[in-house]
Amino acid sequence: MDLVIVGRKRKIENTDLPLGLYSRPLRGKIRYFYRNAKGKDTYFPIEYKLSDIRASVVEFNEKNRNSAESLKHRSDKYNVSIYKIWSKIKENLDEENEGKSKNTLETFERDCSRFIEFFANYYTKDITLEDVNEYLNEYHADASVNVRNRKIHFLRTVFAEFTDLSYMERNCANDKKIKKKSKKAKLKAPVRISKYALIMMADEAEPFLRTAIMLSLQTCHAVNEVVNLKYSDCHYFSSPKVYCTETETYLEPSEDTPQELLVHGMMWISREKNQHTAASRVEIPITDEMMATIKVSVQDLGEAFVKGKEPSCPYIVHRQKRYHKVNYSDDFNHPWQLKPSYLSKEFSKLRDSLQLYSDIEDRRDRPGFHGIRSLAIYLHDKQARDEEITMNRAAHSDLGMTQRYKEGHEKFKRVPPSTITL
């Protein structure tokens, strides 16, 4: 006769209670508690009625204890709750993201937080395209086509990890269609900021914002690079030099060398976006205009500019704030350092206060701080008349990108004077 192992017989007072529900005297009162399949006890509040406790336990058991769905999950060790294996998946994803830019990693972390918040209690093999659509509608319903497509790619990347480790049979995010921009959207060119609008803004801007505007205009670089520029990135000559294009070296100027050709040193910039390419690192000559901007920035700290002397704040673009915790982060090295997002918001706020581009109803369509980069590339190219020089200055990897930045600035073609008589 085979030995059959059964659970311990219930006490008489618990025989009429549903599976998992028990009672025991505790501090002079009968307390009811639920014991799950793993033996963990959860007590019901004293004020709950027994009839309500019974009903809730019966309903819970039908859904979670020995139900067909529960047995299905137990029979497949790879069909598990997302939260149980998320740490392993996240570790793999972090390894793949090594070396990516700070902004990219911050966006990725936000996406991961939303993902685990939404999918934590889902079983890996039960996720369908319907769940993907619900996720996108929950967090990105009003997103642009480009942003929504990026979020679909994020889901594809995450689910690919689950599939690779056998936790999913197929990547359901691959079934989600990547949308293309409509022809109308493609034809809609971005509004470019004009030189005259930028002059108005620079005249009214606070010192930190004016410094940022002038640096972006002179260097052709965007907000991420501008806010991270340090005084130590500038390397000065003992006396001004002149650049020789033939030998690509700096020579002593002659007496008749125009002032605008004099160079005081070099500014080294490493572009964050394409940091792994040779084009991302550029050496930009410090002209008179740039030198003036740097000196004004130092004076804003209440100090005198001295070559080789590090000012009290290492960042060229800085703002002395009364409350240091405002706009402050653990990633910052100094309380007066600025976030790129803060600089962009302050730029847009000034633009709107001056009623510039107010005819454009949607504020998102008005030119922002990044528009300075486009204008700078256009103006430097007009001056240099050499696209390759402009491309190198802007730290672009190909001429096509530089050409796209230049587009849209010339609204009217200038023609020479001509007279026709009859």
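Source: prediction; values computed, not measured.

Rules behind the numbers
Residues numbered from 1 in each chain as written. Predicted model: local features only at pLDDT ≥ 70, side-chain atom pairs only at ≥ 80, totals over all residues. Heavy atoms only, no water. Pairing = 2+ DSSP bridges. Helix = DSSP H or I, 4+ residues; strand = E, 2+ residues; numbered from the N terminus. Axes fitted to C-alpha atoms, helices over the stretch in contact; angles between N-to-C directions. Contact = heavy atoms within 4.5 Å. pLDDT = per-residue confidence, 0-100. Patch = residues over 30% accessible without salt bridge, like charges linked within 9 Å, V, L, I, M, F, W, Y side chains within 5 Å. Areas by Shrake-Rupley, 256 points an atom, 1.4 Å probe, with all protein chains shown as cover. Salt bridge = Lys/Arg side-chain N within 4 Å of Asp/Glu carboxyl O. Lys, Arg positive; Asp, Glu negative; His and termini not counted. Charge placed at Lys NZ, Arg CZ, Asp CG, Glu CD. Buried < 20%, exposed > 50% of the residue type's maximum accessible area, 1.4 Å probe, protein only. Parallel < 35°, antiparallel > 145°, perpendicular 65-115°, else oblique. Left-handed = near helix turned anticlockwise from the far one by under 90°. Nonpolar A, V, L, I, M, F, W, Y, C, P; charged D, E, K, R; others polar.

A. Looking closely at the sheet that holds strand S7 (residues 281-285). Strand order in the open sheet made by the four strands is S5-S4-S6-S7, with antiparallel pairing throughout. The open sheet terminates on both sides in strands that have one partner only, identified here as strand S5 (249-251) and S7. Ignoring which end each strand starts from, the neighbouring axes of this sheet average 55° apart. The pairing of strand S6 (residues 262-270) with S7 spans five bridges and is antiparallel. The residue bridging Trp-268 from the neighbouring strand is Glu-283, located in S7. Running at roughly 70° to S6, helix H11 (residues 288-299) makes contact with strand S4 (234-244), S6 and S7 of the sheet.

B. Structural view of the confidence of the model for the protein. Per-chain confidence: the protein averages 82 in pLDDT, with 82% of residues scoring 70 or above. Element-level pLDDT for the protein is lowest in helix H7 (residues 183-187), with a mean of 56, against a maximum mean of 93 in helix H9 (residues 207-219). Scored below 50 in pLDDT, residues 1-7 shows zero contacts in the model against residues more than four places distant or in partner chains.

C. Summary view of the pairing of strand S1 (residues 21-26). Relative to strand S2 (residues 29-35), S1 runs antiparallel, the two sharing six bridges. The residue bridging Ser-23 from the neighbouring strand is Tyr-32, located in S2.

D. Focus on a negative patch on the surface. Together, Glu-91, Glu-95, Glu-96 and Glu-98 make up a negatively charged patch on the protein surface. As for its position among the elements, Glu-95 is in helix H3 (residues 82-96). Relative accessible area serves as the criterion here: at 49%, Glu-95 is assigned to the partly exposed category.

E. Representation of the packing of H3 against helix H6 (residues 145-164) in the model. Here H3 crosses H6 at 115°, and the two axes come no closer than 10 Å. Here H3 is positioned roughly perpendicular relative to H6, judged by the angle of their axes. In terms of crossing hand, the pair formed by H3 and H6 is right-handed. The segment H3 lies against H6, with Ile-82, Ile-85, Trp-86, Ile-89, Asn-92, Leu-93 and Glu-96 engaging Thr-157, Val-158, Glu-161 and Phe-162. Of the residues assigned to the contact of H3 with H6, the class counts are seven nonpolar, two polar and two charged.

F. Region of interest: unusual backbone geometry. A positive phi is found at Cys-220, a non-glycine position, where the angle reads about 70°. For Tyr-357, which is not glycine, the phi torsion reads 60° and is therefore positive. Looking at the secondary structure, you find Tyr-357 in the loop between helix H12 (340-353) and helix H13 (370-384). Judged by relative accessible area, Tyr-357 falls into the buried class, the value being 16%.

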